[in-house]
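Residue strings, one per chain:
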Amino acid sequence: MEDNKFVLEVSDLHTTFKTDNGDVSAVNGVSFKLEPGKTLGIVGESGSGKSVTAYSIMQILAENGAITGGSVKYKGEDITKWNKKKMADFRGKCCSIIFQDPMTSLNPVFTVGYQLEEAVLLHTDRTKKEAKERAIEMLTLVGVNEPEKRVNQYPHELSGGMRQRVMIAMALACEPDILIADEPTTALDVTILMQSLQEKLGMAIIMVTHDLGVIASMCDEIIVMYGGRVCERGTADAIFYSPAHEYTKGLLRSIPTKTNSKTRLVPIGGTPINMLNMPKGCAFCPRCDAAMKICLTEKPEEIWVGEDHLASCWMNIKNMMEEGKSNE
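Cut-offs used in this document
- Residues numbered from 1 in each chain as written.
- Predicted model: local features only at pLDDT ≥ 70, side-chain atom pairs only at ≥ 80, totals over all residues.
- Heavy atoms only, no water.
- Axes fitted to C-alpha atoms, helices over the stretch in contact; angles between N-to-C directions.
- Helix = DSSP H or I, 4+ residues; strand = E, 2+ residues; numbered from the N terminus.
- Parallel < 35°, antiparallel > 145°, perpendicular 65-115°, else oblique.
- Left-handed = near helix turned anticlockwise from the far one by under 90°.
- Contact = heavy atoms within 4.5 Å.
- Nonpolar A, V, L, I, M, F, W, Y, C, P; charged D, E, K, R; others polar.
- Disulfide = S-S within 2.5 Å.
- Buried < 20%, exposed > 50% of the residue type's maximum accessible area, 1.4 Å probe, protein only.
- Core = buried A, V, L, I, M, F, W, Y, C linked by side-chain atoms within 4.5 Å.
- Pairing = 2+ DSSP bridges.

## Side note on the packing of helix 5 (residues 128–141) against helix 7 (residues 160–172)
Two measures define how a pair of helices packs: the angle their axes make with one another and the distance between the axes. Look at helix 5 against helix 7: their axes get within 9 Å of each other, and the N-to-C directions meet at 125°. Here helix 5 lies oblique to helix 7, going by the angle between them. Between helix 5 and helix 7 lies a crossing whose hand is right-handed. Facing helix 5, whose interface residues are Arg134, Met138 and Leu139, helix 7 presents Val166, Ala169 and Leu172. Looking at side-chain class alone, the contact of helix 5 with helix 7 contains 5 nonpolar, no polar and 1 charged residues.

In structure tokens form, the structure reads like this:
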């Protein structure tokens, strides 16, 4: 493998699903880089392509889905060209994922300990006894009380929050370089736990969520997605205090805060985009109050709107042109 300071590089990723009504481009040209030990947040509403981006990295797409363009490089090597055996080793050992619903992710007919041990035995050379010790160790690490007892219990005997912690323990059992968390905050607030584990184990994290609020304090970079495209990216401060895309502004207006606790939240108008009938221009333009004629016909390029802050919105280009004229 070539030397590279990035543990993961996604370049111009395209993922398509074949349906009876036509092909759906669920991910359309997504690019980002992730450094070891850093946290990336991918934010967007349902159907924005954020989870499909995560599943594309892991190559766990549905049968009708496939990566149709771009590359996904792990430590400089394009894993989209790997065979099934190499990808099976990659999952769990190099990159793990915590799914949204721990109850459906855990097998109800096997004990928690069996499922944890299975992950360890699959990706390491540990014996069965060592795998059980590792399972108890990981349950202790994620804050599960009485871990020796929990390993003999079934998923339905645990609370939702406890099952979420079991999923985190399973994902981290083989000490992967990358942890992907797909909407992990639906069962409990795990942001503090995730940060603590990151400090101890040093892995990079990709947080996939629809809620900007839950990742405000833990992400080094945030990517905002809509219609399978990246519409804005930057640091948490840039995204929260200087949003440069109308969709991001809409997301922020819909988050309850101390400053707007007595005011009515403003939802984003319209309905989510039909991925079978994408606009030629900006994906968000049918729902955007500030949309201009050019938004309908031409895709906006990603431009710098500040230090470590990029956005794909014609409004920024318009404002830059107007500022240039006023300075003449």
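## Some words on the state of the cysteines
Applying the stated criterion across every chain yields a total of 0 disulfides. For the unlinked cysteine Cys295, the closest cysteine sulfur is that of Cys282, found at 6.1 Å. Taking the relative accessible area as the measure of exposure, Cys295 reaches 8% and is therefore buried.

## Quick look at the nonpolar core
Soluble globular proteins tend to bury their nonpolar side chains together. Leu139, Ile168, Leu179, Met194, Leu212 and Ile222 are the most contacted members of the largest nonpolar core, which has 58 residues in total. With 7 residues, helix 7 is the largest single contributor of residues to this core. In this structure Ile222 touches Gly41, Val43, Leu212, Ile215, Glu232, Arg233, Gly234, Ala236, Ile239 and Phe240, once residues within four positions along its chain are discounted. If you look at the next biggest cluster of nonpolar residues, it comprises 33 residues, including Ile42, Trp82, Met87 and Ile206.

## Concerning the pairing of strand 10 (residues 229–234)
When you tally the buried positions in strand 10, you get 6 out of 6 residues, the bulk of the element. Inspection of the sheet shows strand 9 (residues 221–226) paired to strand 10 by 5 bridges, in the antiparallel sense. What sits directly across from Tyr226, in strand 10, is Arg229. Adjacent in sequence and paired antiparallel, strand 9 and strand 10 are bridged by 2 residues, among which Gly227 carries a positive phi angle near 60°. Alignment of strand 10 against strand 12 (residues 309–311), held across 3 bridges, turns out to be antiparallel. Bridge pairing links Arg233 to Leu310 in strand 12.

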